[in-house]
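Read off the chains here:
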Amino acid sequence: MNLKHSKFLTETPDFSRVTNLERLVLKDCISLYKVHPSLGDLNKLNFLSLKNCKMLKSLPSSICDLKCLKIFILSGCSKFEELPENFGNLEMLEEFYADGTAIRVLPSSFSLLRNLEILSFEGCKGSPPSTSWLLPRSSKFSSLVLSPLSSLSSLKTLRLCACNISDGATLDSLGFLSSLEDLDLSENNFVTLPSNISLLSHLKMVGLENCKKLQALPELPTSIRSIMARNCTSLETISNQSFGSLLMIVRLKEHIYCRINPDGLLVPALSAVIFGTRIPDWIRYQSSGSEVKAELPPNWFNSNFLGLALCVVTVPGSGHVSLADFFGLFWRSCTLFYSTSSYTSSSFDVYTYPNHLKGKVESDHLWLVYVPLPRFINWQQVTHIKASFRITTFMRLNAIKECGIGLVYVNEEVNYSIFSPPPNESSVVLQEIHGEGSSGSGRSNIDGSESENSDYYSADEGEPSAPLL
């Protein structure tokens, strides 16, 4: 039954005579304020959308009798404040979207949703400040309480973007989400993240964009593949790890070789975008502009070699700001050219999936990727490497300030790999990257000389949104 855009509908009909109904769409019924209790009689209903029912404040408790419901969309119901206490009885629920609602506290029964795989509360800032003279005035929104989430053993995707979360301790329950793969905490106000995030052994993607008060990252799990920390302008340290170590927390047994996507392009094992103004010194080959060349030393390849570290510093665009700067897609790619001792040459492309931007880029940023050893190359014969980078916002190329290539080897003293720092230098921590300019060490071109400037999805009607990257 599709009743979407019924803008004069104020109450739903009695559903007791249509108990075989499997889908019910009430999207954009902007006058709807009451749902008939007979909704609970729809024992075959598996999809329910109440998206953008802006007058809806509550639901009858009978909704929790929908034993077959798998997808429930409540996003855009800006006046909706409280879920029924027995909401956890929706035992088959797999996807729940409540973006932009006024929900602040989850019922304790929420922990019973053992089949829930996708949970989205983007923009849930809780109840707004009181404007009534009858009520005490609050200076800010109250943040979402997350404690019932800890038992959601099947949860794979959790989006808590712009939820007014100001205390890192509020997030402690995240460490118990054993199946979590995609976590978006962008646009919040916490200073630190809980250390138990390192226990999330399946976590692949972390979104921290515009978390401007975030000062440090804890140790992250070895499963991490993508970190988006754009506009995290207070970020200075990464637990006790160097910035290079962060980019190498990948499990060697599973990622010795780079994955190839259906288009035949290489996909990095790890990609990170983070605030920074210069390439760290442990990236050996560096150059201004969007292209860098490396003349490799003799015997550079050995059994400890794993792959390449690629790094780019981008600068924010100037002039007119279009909608693409705020809501567009963000692509990052690199073409790697290599030549051998037998004077043959070839190339391959490294590609990251597009990201949805959250706000304008406000300062210089680093894009770093780790590309494991592609097995189709005879690395023993490679003598030169050149990398050409491209970063695109929607249909526009972004300016690249400088770029670099680093060689990645196994550290034989530990069981996981790290980036090799320059000789006689300790690993570079993130705070160093904020400094202006480069130290000059390691900035070499193909002939070893100093280089010169180079030329230059939302959940809607049953379609879950694209994973964050």
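Residues numbered from 1 in each chain as written. Predicted model: local features only at pLDDT ≥ 70, side-chain atom pairs only at ≥ 80, totals over all residues. Heavy atoms only, no water.

1. Some remarks on the overall build of the protein
Point 1. Regarding its fold elements, the protein presents three helices and 24 strands.
Point 2. Taking all 469 residues of the protein together, 53% fall into the buried category.
Point 3. Of the roughly 20,900 Å² that the protein leaves accessible, carbon and sulfur atoms contribute 51%. (Helix = DSSP H or I, 4+ residues; strand = E, 2+ residues; numbered from the N terminus. Buried < 20%, exposed > 50% of the residue type's maximum accessible area, 1.4 Å probe, protein only. Areas by Shrake-Rupley, 256 points an atom, 1.4 Å probe, with all protein chains shown as cover.)

2. A look at the packing of aromatic side chains
Point 1. Within this structure, the stated rule accounts for 13 aromatic pairs.
Point 2. Considering the side-chain rings of Phe-72 and Phe-96, the 5.4 Å spacing of their centres and the 35° angle between planes classify their relative orientation as tilted. In this pair, Phe-72 is assigned in strand 3 (residues 71-73) and Phe-96 in strand 4 (residues 95-97), connecting sequence segments 24 residues apart. Of the two residues, Phe-72 and Phe-96, neither departs from the other in class, the shared state being buried. (Phe/Tyr/Trp six-rings, centres within 6.5 Å; stacked < 30°, edge-to-face > 60°.)

3. Comments concerning the side chain of Asp-281
Point 1. You can see Asp-281 is positioned in the loop between strand 14 (270-275) and strand 15 (285-288).
Point 2. Of the polar contacts made by the side chain of Asp-281, one reaches the side chain of Arg-278; its length is 2.8 Å. (Polar contact = N/O pair within 3.5 Å; in protein donor to acceptor, adjacent residues only side chain to side chain.)

4. Describing the confidence of the model for the protein
Point 1. Per-residue confidence for the protein averages 75 on the pLDDT scale, and 68% of its residues sit at or above 70.
Point 2. Summarising per-element confidence for the protein, the mean pLDDT is lowest in strand 24 (residues 418-419) (36) and highest in strand 3 (98).
Point 3. Predicted confidence for residues 248-258 stays below pLDDT 50, and this span has 42 contacts to residues more than four positions away or in other chains.
Point 4. Between residues 319-329, whose pLDDT stays under 50, and residues either more than four places distant or in other chains, the model counts 28 contacts. (pLDDT = per-residue confidence, 0-100. Contact = heavy atoms within 4.5 Å.)

5. Comments concerning the nonpolar core
Point 1. Phe-72, Phe-96, Phe-110, Phe-121 and Leu-208 are the most contacted members of the largest nonpolar core, which totals 82 residues.
Point 2. Looking at this core, the elements with two or more residues in it are strand 10 (226-229), strand 14, strand 17 (305-314) and strand 20 (365-372).
Point 3. Examining the composition of this core, we find that four residues originate from one element, strand 17, more than from any other.
Point 4. Beyond its immediate chain neighbours, meaning those up to four positions away, Phe-121 contacts Phe-96, Ala-98, Asp-99, Ile-103, Leu-106, Phe-110, Leu-144, Arg-159, Leu-160, Cys-161 and Cys-163.
Point 5. Core analysis: the second largest hydrophobic core is formed by 32 residues, Phe-305, Val-350, Ile-391 and Cys-403 among them. (Core = buried A, V, L, I, M, F, W, Y, C linked by side-chain atoms within 4.5 Å.)

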